[in-house]
Amino acid sequence: MTIIDPDEASSARSIHDAFFAEACAALGYDDSTTTMLLLASREIRAELPLRRDDGSISVFNAFRVQHHNARGPYKGGLRYHPDLDLNESRGLACLMTLKAALVDVPFGGAKGGIDCDPHALSSTELERLTRAFVGKFHRLLGPNRDIPAPDVGPDAQVMAWINDEYAKLYGYNPAAVTGKPIIVGGSHGRVEATGRGVSIVIDALARLRGEDLNGSRVAIQGFGNVGTHAALGLAALGLTVVAVSNVGSARYAANGFSTAELAAAATEHDRLPEGDTITNAELLALDCDYLIPAAMGGAIHARNAPDVRARVIVEAANSPLTADADALLGARGVTIVPDILANAGGIIVSYFEWVQNLQQVSWTLDQVHDGLRDRLAAATEQVVIRAAHDDTDYRSAAYRIATVKVKDAFFLSGF
Ligand code: NAD
């Protein structure tokens, strides 16, 4: 099932290209510079035949798009989702380049994965498929080349298999992949980093704007890794989480879910707390202060954007708004916190994990949380200052800050 409306033709690539082109134009870059910055430096597709547990064979497509590495090794998630294709990976890879630049971690951008539904595979099938992925792509991966992380689909177990398969070929080197379980070189605080980061950005923004968050009402689409930890972080800040959803359904509680209810539901994949059952479309149209799309790209488009009543949209997912929806909501005065800022907590703590692995040290949870908060608060402040200076919205400001850094690194390195 996909939430990308086919009529909107809104792959992450087409969504992202529009925003990126606007940033390049605002910065006065000529067409050839814009094209060079937009195009990926490498794109790979491979077929992965999988022997199923019942003896039959299924063939999946695997992708890796390496966008730019002028600021550091390629870095980005692996997505296991039936709708994944090369075009979507292109947009998401470019987004990663900009995200790393915005929050000042020394990585370029990459993205990829497998067009499979991991929940339709047994654990042994998932392991074989993951190891087959490393078999096809390992020459392009590594701690100083391209460092995969989990995105939609894979969890820490998948990252542990990648780590192990890579080690068979190149020796023990946990810095080759992030999002690993702590016991095999993962970092404290990585699992919750992206969702926690969403709450840090909302807090930082409210402080900069002199707003009181206490009692603000929040609706969250997607109650997976990012959505659950965003909900818990926001509840801890005193916000009231009134609705959450998964791919099949949504739950609403007029007076908000308690932290205990949210935490209990979060212990199981895609479990929702008890509450009134509503649809995902109704969740997007709820009367609330903050709407947090934390599922897949293209969730809010030209046809459902008029229904949105939230004051602020925080893009916890990658590219959840189409360019049309962004323009429509922006014109109505809705504040949009862009993905490259809102969900950058994941890449920041992936960077911390990589640093710990390279130095063979282990940070405490407090060190990770403090570092995450400092970097995201600083990036939020930069975006707010740039938006005020350029008299523009937060997305344009964030894209301009990031694009300049990538372009400067690219041209200084030479090509
Ligand atoms: P996940 O697989 O853990 O959770 C996804 C959630 O979205 C699940 O609750 C799923 O049921 C729900 N969902 C899927 N299709 C839906 C639909 N049609 N309607 C409503 N809900 C739907 O994935 P995640 O890791 O939480 O990632 C969510 C988003 O955040 C993705 O866009 C991902 O690219 C982005 N992101 C994730 C990370 C990370 O560290 N995990 C980092 C940056 C960005």
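This text gives an overview of the structure that appears in the document. Everything quoted here is computed from the prediction, not taken from an experiment.

### A closer look at the overall build of the chain
In terms of helices and strands, the chain carries 14 helices and 12 strands. The globule rule puts the C-alpha radius of gyration for 415 residues at 22 Å, and the 20 Å found for the chain is close to it. Referenced to the eigenvectors of the C-alpha coordinate spread, the extents of the chain come out at roughly 55 × 50 × 45 Å. Buried positions account for 58% of the 415 residues belonging to the chain. Taking the contacts inside the chain whose residues are at least 6 apart along the sequence as the reference set, 70% of them involve residues at least 24 apart. Accessible area for the chain stands at about 16,300 Å²; split by element, carbon and sulfur atoms hold 51% of it. With 37 positive and 50 negative side-chain charges, the chain shows a spacing of 6 Å between the two charge centroids.

### Brief notes about the pairing of strand S5 (residues 146-150)
Of all the five residues making up S5, four are buried; the element is thus mostly covered by neighbouring parts of the structure. Inspection of the sheet shows strand S3 (residues 74-80) paired to S5 by five bridges, in the parallel sense. Bridging from a neighbouring strand, Gly77 pairs with Ala149 of S5.

### Focus on the pattern of salt bridges
A complete count under the given rule lists 27 salt bridges for this structure. Between Arg400 and Asp390 there is a salt bridge, with the nearest N and O atoms lying 3.0 Å from each other. In this pair, Arg400 is assigned in helix H14 (residues 394-413) and Asp390 in helix H13 (residues 365-390), connecting sequence segments 10 residues apart. A cluster of three or more residues bridged by salt bridges with shared partners is formed by Glu127, Arg131, Asp164, Glu165 and Lys168.

### Some points on the sheet that holds strand S1 (residues 42-51)
Taken together, the five strands give an open sheet; going across it, the order is S1-S2-S4-S3-S5, and neighbouring strands pair in mixed fashion. Edge positions in the open sheet fall to S1 and S5, since each of these has one partner strand only. With direction set aside, neighbouring strand axes in the sheet form an average angle of 20°. Pairing between S1 and strand S2 (residues 57-66): 10 bridges, direction antiparallel.

### Overview of the packing of aromatic side chains
Tallied over the entire structure, the rule returns nine aromatic pairs. Taken together, a centroid distance of 6.2 Å and an interplanar angle of 40° make the contact between Tyr351 and Trp354 tilted. Residue Tyr351 and its partner Trp354 are both found in helix H12 (residues 345-359); the two are separated by three residues, about one turn of the helix. An aromatic cluster of at least three residues, connected via ring pairs, comprises Phe107, Tyr351, Phe352, Trp354 and Trp363.

### With respect to the environment of Phe60
Positionally, Phe60 belongs in strand S2. C-alpha separation for the pair Phe60 and Leu48, spaced 12 residues apart in sequence, amounts to 5.1 Å. Excluding its chain neighbours within four sequence positions, the residues that come into contact with Phe60 are Ala46, Glu47, Leu48, Leu50, Arg52, Ile114, Asp115, Cys116, Leu121 and Leu129.

### Regarding the nonpolar core
Core analysis: the biggest nonpolar cluster contains 76 residues, and Ile292 and Val314 have the highest contact counts within it. At eight residues, the largest contribution of residues to this core is made by H14. Residues contacting Val314, with those up to four places away along its chain left out, are Val198, Ile202, Tyr290, Leu291, Ile292, Pro293, Val337 and Ala342. Core analysis: the second largest hydrophobic core is formed by 24 residues, Phe60, Leu121, Phe133 and Met159 among them.

Calculation criteria
Residues numbered from 1 in each chain as written. Predicted model: local features only at pLDDT ≥ 70, side-chain atom pairs only at ≥ 80, totals over all residues. Heavy atoms only, no water. Helix = DSSP H or I, 4+ residues; strand = E, 2+ residues; numbered from the N terminus. Rg over C-alpha atoms; globule rule 2.2 N^0.38 Å. Buried < 20%, exposed > 50% of the residue type's maximum accessible area, 1.4 Å probe, protein only. Contact = heavy atoms within 4.5 Å. Areas by Shrake-Rupley, 256 points an atom, 1.4 Å probe, with all protein chains shown as cover. Lys, Arg positive; Asp, Glu negative; His and termini not counted. Charge placed at Lys NZ, Arg CZ, Asp CG, Glu CD. Pairing = 2+ DSSP bridges. Salt bridge = Lys/Arg side-chain N within 4 Å of Asp/Glu carboxyl O. Axes fitted to C-alpha atoms, helices over the stretch in contact; angles between N-to-C directions. Phe/Tyr/Trp six-rings, centres within 6.5 Å; stacked < 30°, edge-to-face > 60°. Core = buried A, V, L, I, M, F, W, Y, C linked by side-chain atoms within 4.5 Å.

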